[in-house]
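Next come the chains, spelled out residue by residue.
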Amino acid sequence: YNTKDPLFSDVRVRRALTHAINRPYIVEKLLNGYGKAAVGPMGIDNAFSNPDLTPLPYDPQKSLELLRLAGWSLDENLRYLQKDGKIFEFTIFAFKEGYIPIQVARYIVLNLNQLGIHAHVDMLSQKELNRRYYRSNQFQAVLTEFGTSQRIPEAIEDLWAPSFNDFSVAGGFEDEEVTRLFRLMDSENGPEKRKALCHQIDARIAFLQPGTFLYHETAIDVMSARISIPFPFSLTADGASRLWRATIQ
């Protein structure tokens, strides 16, 4: 979420959106069971992830309660959420050549519409999506992906903390406490102390929910030997966007 956008600046709203999305359904039905619900930015099966964190549960009633506390209420016909005369409406950018991400984005829209939130999907090329999102905040919400299982803390820092002269990669997200913890980690040499700081960072970002951490895919990408491509195959958004270079032998 673009946390600079007034619509998403309240942590209660962002947590409410996560509670509104049925991630177990996404894993079981859209991924055919080949995935796990995500928890936070460090990923799962990662030495630096906080072992005490669990995914926020699918709980539409909890979502509505958090939205009420943030000032949102249903209109008199119980059709949509409103605040200060404006309805809760926003657009989600998704990669137009990613089959599963598009299905996930459309399912998220259904989940949110059931609560009275009007969400829409705008499908973009990978280049245009990156232009609006990567170190930028020219978006409201975006469905993107991070490979986290093998990431080192410095790579996570680049995603979630601003550099000295630029936005953070993750849509310009910035939190004073998260940045402080990363700076402490940068100056720490002890492996156990660095890991403890990573656990704090993981917990802090998971609490703030600057994005809904949806799932980790556990399937292995396989390409037929008849297809030749001049790079290692991986069905990520970046990998799919380069498949035009593939040839069939």
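Our structure is the block above this text.
Definitions and cut-offs
Residues numbered from 1 in each chain as written. Predicted model: local features only at pLDDT ≥ 70, side-chain atom pairs only at ≥ 80, totals over all residues. Heavy atoms only, no water. Helix = DSSP H or I, 4+ residues; strand = E, 2+ residues; numbered from the N terminus. Buried < 20%, exposed > 50% of the residue type's maximum accessible area, 1.4 Å probe, protein only. Arc of directions from axis to C-beta. Contact = heavy atoms within 4.5 Å. Pairing = 2+ DSSP bridges. Axes fitted to C-alpha atoms, helices over the stretch in contact; angles between N-to-C directions. Core = buried A, V, L, I, M, F, W, Y, C linked by side-chain atoms within 4.5 Å.

Caption draft 1: Here's a closer look at the environment of Phe231. Inspection of the secondary structure assignment puts Phe231 in the loop between β9 (227-228) and α9 (237-241). With 14 residues separating them in the primary sequence, Phe231 and Arg245 have C-alpha atoms 9.4 Å apart.

Caption draft 2: Just helix α7 (residues 176-186), in detail. Buried within α7 we find Val178, Thr179, Leu181, Phe182 and Met185. In an axial view of α7, the angular spread of the buried residues amounts to 160°, which keeps them on one side of the axis. Packing partners of the buried residues in α7 comprise α6 (153-160) and α8 (191-208).

Caption draft 3: Focus on the environment of Phe93. Relative to the elements of secondary structure, Phe93 occurs in strand β5 (residues 89-95). C-alpha of Phe93 to C-alpha of Asp202: the two residues are 109 residues apart in sequence and 25 Å apart in space. In contact with Phe93, not counting residues within four places along its chain, are Asp122, Leu124, Leu129, Arg132, Gln138, Phe139, Ala141, Val142 and Leu143.

Caption draft 4: Fine view of the sheet that holds strand β6 (residues 118-124). Taken together, three strands build an open sheet; the order of strands is β6-β5-β7 and the sheet is parallel. This sheet does not close on itself; its edge strands, each paired only once, are β6 and β7 (141-142). Sheet topology note: the β5/β7 ladder contains two bridges and is parallel. Opposite Ile92, over in β7, you have Ala141 as the bridge partner. Along the sheet face, helix α4 (residues 99-115) touches β5 and β6 and points at about 165° away from the line of β6. Relative to β5, helix α5 (residues 126-133) is tilted by about 130°, and along the sheet it contacts β5, β6 and β7.

Caption draft 5: Inspection of the side chain of Asp202 at higher detail. Looking at where Asp202 falls in the secondary structure, it is placed in helix α8. Aside from chain neighbours lying at most four places away, what touches Asp202 is Gly40, Pro41, Met42, Ser49, Asn50 and Leu53.

Caption draft 6: Just the nonpolar core, in detail. Phe88 and Phe90 are the most contacted members of the largest nonpolar core, which totals 33 residues. Secondary-structure elements contributing two or more residues to this core are α1 (11-20), α2 (23-30), α3 (60-69), β5 and α4. Excluding anything up to four places from it in sequence, Phe90 contacts Leu7, Phe8, Leu112, Ile117, His118, Ala119, His120, Gln140 and Ala141. Ala38, Phe95, Ile156 and Ala170 belong to the second largest nonpolar core, which has 26 residues in total.

Caption draft 7: Unusual backbone geometry, seen in detail. At Asn32, a residue that is not glycine, the phi angle is positive and equals roughly 55°. Looking at the element boundaries, Asn32 is found in the loop between α2 and β1 (35-37). Residue class for Asn32 comes out exposed when judged on its relative accessible area of 58%.

Caption draft 8: Representation of the side chain of Gln209. Of note, Gln209 is situated in the loop between α8 and β8 (215-217). By relative accessible area, Gln209 is classed as buried at 2%. Those residues in contact with Gln209, other than ones at most four positions away along the chain, are Tyr1, Arg14, Arg15, Thr18, Val39 and Leu56.

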